[in-house]
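A look at the structure
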Number of protein chains: 2
Amino acid sequence: MANIFGEQINTIDFQDETNPFLIPIGVSNRHLHISEKDFETIFGAGRTLTSIKDLSQPGQFACEETVHVVGPKGMIENMRILGPFRGQTQIEVSQTDARKLGIQPPLRHSGDLAGTPGCVLVGPKGYVVLESGCILAKTHIHMSLEEGARLGVADKELVDVYVKSERPLCFMDVMARVHKDYRLDFHIDTDEANAAGVKTGDKVLLIKK
Amino acid sequence: MANIFGEQINTIDFQDETNPFLIPIGVSNRHLHISEKDFETIFGAGRTLTSIKDLSQPGQFACEETVHVVGPKGMIENMRILGPFRGQTQIEVSQTDARKLGIQPPLRHSGDLAGTPGCVLVGPKGYVVLESGCILAKTHIHMSLEEGARLGVADKELVDVYVKSERPLCFMDVMARVHKDYRLDFHIDTDEANAAGVKTGDKVLLIKK
């Protein structure tokens, strides 16, 4: 097998703001999405989410509220809740976090929670024992309908993503999610960000297969 | 830019034991190499390293002895010493570990310690305040002279390494180190192993540029 990229990759200007294939990274720290029922159990009846910061995806926000997440081998304190409420509580951790908790969550896309391990959530007014809900999040790229059209990428299409950094690597088979409520952002977790030597806002190259 | 690998990558049998380009991964957990002087300060004069396990590289071994590593923001307890003694103490951590310690080590090859941050090492008989020595280890591939010849890879040559897993990715520009005392092994740290969804002993594909 010959050179993967040929010399092409060396001709890319990663500072070129007019290249639509240079897309921003969003690094997701451990966090959880929560159902209204679980939230009220943990924080008290009638309480609701308190937004402290809008996120890159429209309608999504970081909350003031945090919970302690407990697994068979350890606890992670003060994990941030992201709003709005969801139908089912979902805890997104890195493999590093999972080892600390003592659970083995599978690699899944958001919302695909069948057969995943649970944990215990603890807060000021109570706790919830979850039978499932913990995942490692698969890398994915959010994009709007217009962004998808401009890049020629369809919903659920797999692409590769090249990272030029001190630790250069290429994420393979990354799923694009194209939806009117999304905005262009390549989401990875903290293990992946550390391995690639990148941080939120850095630009990476989307490569169509 | 078109498909990186074309369809070639899908034709590779990763279980094919006769393909010399399928090489084993060795995941390096946080560890340190230590000078005899620093060791005696921490463990007592006249003490020496106690091997408990040979490592993949000939002459290298894991030691019974561990030390606590302290940085401005935190401590990692019981970090394993790898022998034999070296001229200068070197602490190899992941970015995850570095954040816990509160230090910002650069990405370096082993032995290249100029300008790196220090830390404090604590053990049963004393402690050592290091001015430098902490690094994130750059990925690299060890190989013997025979293995380098068979693969057509020279010392310090850069290659790419493709990982087929649930989290497929390609490490780019990985340096090969070819030496008579080395044995074939692709070394990555725990952040990189988590990001790639692999463990020690898994096989990856070396791709010449």
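Within each chain, residue numbers correspond to sequence positions counted from 1 in written order. Starting at A for chains and at 1 for ligands, labels are handed out in the order in which the entities are written. Reporting in this predicted model follows two pLDDT cut-offs: at least 70 for local features of residues, and 80 or more for side-chain atom pairs to be given and counted; totals over whole chains, interfaces and linings ignore these cut-offs and use all residues. Hydrogens are left out, water is left out, and the side-chain values use all remaining heavy atoms of the structure.

1. A word on the overall build of chain A
The test is simple: Every helix listed is a DSSP run of H or I at least four residues long, and every strand listed is a run of E at least two residues long, numbered separately from the N terminus. Only protein chains enter the area calculation, which uses a 1.4 Å probe; residues under 20% of their type maximum are buried, those over 50% are exposed, and those in between are partly exposed. Accessible surface is estimated by sampling points in the Shrake-Rupley manner with a 1.4 Å probe; for residues, cover comes only from the protein chains shown. Here Asp and Glu are counted as negative and Lys and Arg as positive; His is not counted, and neither are the chain ends. Lys charges are placed at NZ, Arg charges at CZ, Asp charges at CG and Glu charges at CD.
Scanning chain A from N- to C-terminus turns up 4 helices and 15 strands. With the C-alpha coordinates aligned to their principal axes, the bounding extent of chain A is approximately 60 × 35 × 25 Å. Burial analysis of chain A (209 residues in total) assigns 51% to the buried set. Counting every atom, chain A has about 9,700 Å² of accessible surface; 49% of that belongs to carbon and sulfur. Here chain A contributes 23 positively and 28 negatively charged side chains, and the mean placements of these two sets differ by 3 Å.

2. Concerning the pattern of salt bridges
Applied cut-off: In the sections that follow, a salt bridge refers to a side-chain nitrogen of Lys or Arg positioned within 4 Å of a carboxyl oxygen of Asp or Glu.
Per the stated rule, a full pass over the model turns up 20 salt bridges over all chains. For Glu65(B), the salt bridge identified is with Arg47(B), shortest N-O distance 3.2 Å. Taken together, the residues span a long stretch of sequence, with Glu65(B) in strand E4 (residues 61-70) and Arg47(B) in the loop between helix H1 (36-43) and strand E3 (51-54) at a distance of 18 residues. Residue Arg47(B) is classed as partly exposed on the basis of its relative accessible area, which comes to 36%. Put simply, Asp160(B) and Lys209(B) hold a salt bridge, and the shortest N to O gap is 2.8 Å. Of this pair, Asp160(B) sits in strand E12 (residues 158-163) while Lys209(B) sits in the segment after strand E15 (203-208), and the two are 49 residues apart along the sequence. One connected set of salt bridges, linked through shared partners, spans Asp160(A), Asp173(A) and Lys209(A).

3. Some details on the relation of the copies chain A and chain B
Convention followed: Copies overlap after least-squares fitting; the atoms used are the C-alpha atoms of residues with pLDDT of at least 70 in both. Whether two residues touch is decided by their heavy atoms; if any such pair falls within 4.5 Å, the residues are in contact.
Structural alignment of chain A on chain B gives an RMSD of 0.0 Å, achieved by rotating through 180° and translating 0.0 Å along the axis. Classification of the inter-copy transformation places it as that of a two-fold axis. A shared interface surface links the copies, since 100% of the contact residues of chain A are contact residues in chain B too.

4. With respect to the nonpolar core
Operational definition: We define a nonpolar core as any set of buried Ala, Val, Leu, Ile, Met, Phe, Trp, Tyr and Cys residues linked to one another through side-chain atoms lying within 4.5 Å.
Counting 44 residues, the largest nonpolar core has Ile141(A), Phe171(A), Phe186(A), Ile141(B), Phe171(B) and Phe186(B) as the members making the most contacts within it. If we skip the residues at most four places from it in the chain, Ile141(B) touches Ile23(B), Val159(B), Val161(B), Val174(B), Met175(B), Ala176(B), Arg177(B), Leu184(B), Asp185(B), Phe186(B) and Leu206(B).

5. Regarding the interface of chain A and chain B
Stated formally: Accessible-area loss on putting two parts together, using a 1.4 Å probe and summing over both, is the definition of buried area adopted here.
At the junction of the two partners, chain A supplies 33 residues and chain B supplies 33 residues. Of the roughly 2,900 Å² buried between chain A and chain B, counting both surfaces, carbon and sulfur atoms make up 61%. Counting across the interface, chain A meets chain B through 4 salt bridges. When the shortest N-O distance is used, the salt bridge between Arg167(A) and Asp189(B) registers 3.1 Å.

6. Looking at unusual backbone geometry
Along the chain, Gly83(A) connects to Pro84(A) via a cis peptide bond; the corresponding omega equals 5°. The phi angle at Asn78(B) is positive, at roughly 55°, despite the residue not being glycine. Mapped onto the elements, Asn78(B) comes out in strand E5 (residues 75-83). One non-glycine residue with positive phi stands out, namely Asp173(B), at about 60°. The topology assignment puts Asp173(B) in strand E13 (residues 169-178). Overall, Asp173(B) belongs to the partly exposed group, its relative accessible area being 36%.

7. So, helix H1 (residues 36-43) of chain A
Residue and element names in this part refer to chain A. Basically, it comes down to this: Note that the arc is defined by the directions from the helix axis to the C-beta atoms.
All of the buried residues along H1 are Asp-38, Phe-39, Ile-42 and Phe-43. Buried positions in H1, seen along its axis, are confined to an arc of 110° and lie on one side of it. Turning to H1, the residues buried within the fold contact strand E4 (61-70), strand E5 (75-83), strand E8 (119-122) and strand E9 (127-130). Positive phi shows up at Gly-44, right after H1, with a value of about 110°.

8. Overview of the packing of aromatic side chains
Residue and element names in this part refer to chain A. What counts, and what does not: Ring pairs are drawn from Phe, Tyr and Trp, using the six-membered ring of Trp, whenever the two centres fall within 6.5 Å, and their geometry is named by plane angle: stacked under 30 degrees, edge-to-face over 60, tilted for the rest.
A full pass over the atoms with the stated rule returns 8 aromatic pairs over all chains. A centroid spacing of 6.0 Å and a plane angle of 50° characterise the contact between Phe-14 and Tyr-162, whose relative ring orientation is tilted. Here Phe-14 is found in the segment before strand E1 (22-28), whereas its partner Tyr-162 is found in strand E12 (residues 158-163), with 148 residues between them in sequence. Each member of the pair, Phe-14 as well as Tyr-162, is classed as buried.

9. With respect to the pairing of strand E11 (residues 140-143) of chain A
Residue and element names in this part refer to chain A. What counts is decided by this rule: Paired strands, as defined in this entry, are two strands with at least two bridges between them according to DSSP.
Burial along E11 is two-sided: the residues His-140 and His-142 and Ile-141 and Met-143 are all buried. Bridge analysis of E11 against strand E13 (residues 169-178) gives 4 bridges, and the strand direction is parallel. When the bridges of E13 are listed, Met-143 appears paired with Val-178. Inspection of the sheet shows E11 paired to strand E14 (residues 185-189) by 3 bridges, in the antiparallel sense. Of the residues in E14, the one forming a bridge with His-140 is His-187.

10. So, the side chain of Gln57(A)
Mapping Gln57(A) onto the fold places it in the loop between strand E3 (51-54) and E4. Among all residues touching Gln57(A), those that are not within four sequence positions of it are His142(A), Asp181(A), Tyr182(A), Arg183(A), Asp185(A) and His187(A).

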